[in-house]
Amino acid sequence: MGKYNFDETVDRRGTLAMKYDNLDELFGRSDLTPLWIADMEFAVCPEICDVMKQRVCHPSYGYSCPGEGYWDSICCWLKRRHGFDVDRSWLAFVPGVVRGISYALNYFTRPGDKVVIQPPVYHPFRIVTEGNGRVVVENPLVKGDDEFFYRMDLEGLEDIFAHERPKMMILCNPHNPVGLQWDADTLREVARLARRYGVIVLSDEIHGDLMLRGRRHVPFASVSEDAAAVSVSFGAPSKTFNIPGLVSSWMIVPHKGLREGFYHWMEVNEFSSPFFSATIATQAAYEKGEPWLDELLPYLEGNIDAVADYLERELPQIKAIKPQASFLIWLDCRSLGLSQPELEDLFINHARLALNSGTMFGSQGEGFMRLNIATSRSQLLEAMASLKKAVAEVESTVAAR
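Everything numeric in this text was worked out from a predicted model, so none of it was measured.

Student: Mind laying out the pattern of salt bridges, listing which residues take part and the relevant values?
Tutor: Within the structure shown, the criterion is met by 25 salt bridges. One salt bridge connects D39 with R12, and the closest N-O pair in it is separated by 2.9 Å. Residue D39 is found in the loop between β1 (33–34) and α3 (46–56), and its partner R12 is found in the segment before α1 (18–21); the two are separated by 27 residues along the sequence. Exposure class is identical for D39 and R12. Each is buried. Between E290 and R81 there is a salt bridge, with the nearest N and O atoms lying 2.8 Å from each other. Note that E290 is positioned in helix α13 (residues 290–314) and R81 in helix α4 (residues 68–82), a separation of 209 residues in sequence. By relative accessible area, which is 18% here, E290 ends up buried.

Student: Quick one: what's the story with the side chain of E41, residue by residue and with numbers?
Tutor: Among the secondary structure elements, E41 is positioned in the loop between β1 and α3. When near neighbours in sequence (up to four residues on either side) are disregarded, E41 contacts T9, V10, R12, K19, Y20, A374 and T375.

Student: How would you summarise the packing of aromatic side chains if you had to cite specific residues and measurements?
Tutor: Think of a pair of aromatic rings as described by two things: how far the centres are apart, and how the planes are tilted against each other in angle. If you walk through the whole model with that rule in mind, you get 27 aromatic pairs. On the basis of an interplanar angle of 90° and a centroid distance of 4.9 Å, the ring pair of Y107 and F108 is categorised as edge-to-face. Looking at Y107, the relative accessible area reads 26%, which means it is partly exposed. The class for F108 is buried, based on a relative accessible area of 18%.

Student: Give a description of the environment of H175 that names residues and reports values.
Tutor: Its place among the elements puts H175 in the loop between β7 (168–172) and α8 (184–197). Residues in contact with H175, not counting those within four places in the same chain, are Q118, P120, V121, L141, L180 and W182. Of the polar contacts made by the side chain of H175, one reaches the backbone oxygen of Q118; its length is 3.4 Å.

Student: Hey, could you go over the side chain of S231 for me, with residue numbers and the actual values?
Tutor: Structurally, S231 is set in strand β9 (residues 231–235). The exposure class assigned to S231 is buried, which follows from its relative accessible area of 0%. Here the side chain of S231 touches A227 through a polar contact of 2.8 Å, landing on its backbone oxygen. Setting aside residues up to four positions removed in sequence, S231 forms contacts with V201, F220, A221, I252, V253, P254 and L258.

Student: Lay out the nonpolar core with the relevant residues and their values.
Tutor: L300, L331 and F347 are the most contacted members of the largest nonpolar core, which has 68 residues in total. No other element matches the eleven residues that α13 contributes to this core. Setting aside anything within four residues of it in sequence, one finds L300 in contact with F42, L210, L212, F327, I373 and A374. F149, M152, V178 and L187 belong to the second-largest nonpolar core, a separate cluster that totals 32 residues.

Student: Talk me through the sheet that holds strand β12 (residues 328–332); I want residue IDs and the actual numbers.
Tutor: Reading across the sheet, the four strands line up as β11-β12-β15-β14 and stay open at both edges, with antiparallel pairing between neighbours. Two strands close off the open sheet at either side, each with one partner strand: β11 (319–321) and β14 (356–357). The sheet contact formed by β12 and strand β15 (residues 368–372) spans five bridges and is antiparallel. Bridge assignment links D332 to a residue of β15, and that residue is F368. Sitting on the sheet, α13 touches β11, β12 and β15, and the angle it makes with β12 is about 15°. On the sheet, helix α14 (residues 340–350) packs against β12, β14 and β15 and is oriented at approximately 30° with respect to β15.

Student: If you had to explain the packing of helix α7 (residues 154–163) against α8 to someone new, which residues and values would you point to?
Tutor: Between α7 and α8, whose axes approach to 10 Å, the crossing angle comes to 10°. The orientation of α7 with respect to α8, classified from their angle, is roughly parallel. Every pair of crossing elements has a handedness; the one defined by α7 and α8 is right-handed. Between α7, through L154, L157, E158, F161 and A162, and α8, the contact on the second element is made entirely by T186, E189, V190, L193, A194, R196 and Y197. Classifying every residue of the contact of α7 with α8 gives eight nonpolar, one polar and three charged.

What counts and how
- Residues numbered from 1 in each chain as written.
- Predicted model: local features only at pLDDT ≥ 70, side-chain atom pairs only at ≥ 80, totals over all residues.
- Heavy atoms only, no water.
- Salt bridge = Lys/Arg side-chain N within 4 Å of Asp/Glu carboxyl O.
- Helix = DSSP H or I, 4+ residues; strand = E, 2+ residues; numbered from the N terminus.
- Buried < 20%, exposed > 50% of the residue type's maximum accessible area, 1.4 Å probe, protein only.
- Contact = heavy atoms within 4.5 Å.
- Phe/Tyr/Trp six-rings, centres within 6.5 Å; stacked < 30°, edge-to-face > 60°.
- Polar contact = N/O pair within 3.5 Å; in protein donor to acceptor, adjacent residues only side chain to side chain.
- Core = buried A, V, L, I, M, F, W, Y, C linked by side-chain atoms within 4.5 Å.
- Pairing = 2+ DSSP bridges.
- Axes fitted to C-alpha atoms, helices over the stretch in contact; angles between N-to-C directions.
- Parallel < 35°, antiparallel > 145°, perpendicular 65-115°, else oblique.
- Left-handed = near helix turned anticlockwise from the far one by under 90°.
- Nonpolar A, V, L, I, M, F, W, Y, C, P; charged D, E, K, R; others polar.

Here it is in structure tokens:
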């Protein structure tokens, strides 16, 4: 028995939690078990709460600046957890990874420029790119072998770089929604190609701390000189420690030629000016939260195994693609033979479960759903039982036609 109890979850209704309060708007009903947006149902690491309470109880909320301890905590964390030596000058605060991607997109590219994404992939990559008048170029993931469900199409990527001449690529490392940690050789080849063709790579590494089963995260900027020369990387404690509402993220730009102008632009526009709640929570997480994370990861692994085993035993029409990182499972539902609207109806109106539809991540997500397993195991297994019952009902209705 560990120090932290992940079998207990927090009642979040009425707290303006998007995961609950947006159910009716997004799914058409509020009586659903929310297993969608990527935050966890567990209580925040108490050591973080203690530090935040102490600061919030102080009677002054004036202008603040981050102490050196904040920056040191990030550098030490990256070295300790990922073997990545980061110079303090490479770092800057950013109020959320998606905002950081948006800032970099607007600084380094112009309307009409092309940007490469790799669907099925985190949907804001497309939204931010197209919403800012840039052109998305797709380099879809392709079918992998038995060990890896997907792999990167590097030949296709080089063809795109050579003929489409994109200015930027947005890399998801580890990849959301499929949960794949790219290996160093793959990342080195991406970096080589990007440097050869003059492409800046934005690397979203927000799930990098949530590596499962003893795997190590491979930061893109760390794999080669090419990677360091072309990369703008983003990370945060938000997914790791369940504090996304505090909007605390950071970015790393090792190459001085990329960094100086960009960071100056960020600074004069006050895009990189942190607020005390973000910096205090980050420092507390990285300095005090490691034992909590070390207990969380085996619990998440157990939840993933519980879902995969249940589906294999009770509902083989749905296959769980076990992630190498994160608390998200990519569910392959194609054997059900349902269209995507029918699949969504099955989960929402029959099973009463709110998951992310696979097509949210691109047309390559047809027949898939994304499941958030970061909740108590008992609730997760109840959800699987509801899904089994719903599938049986739908299949019996189809058979009776």
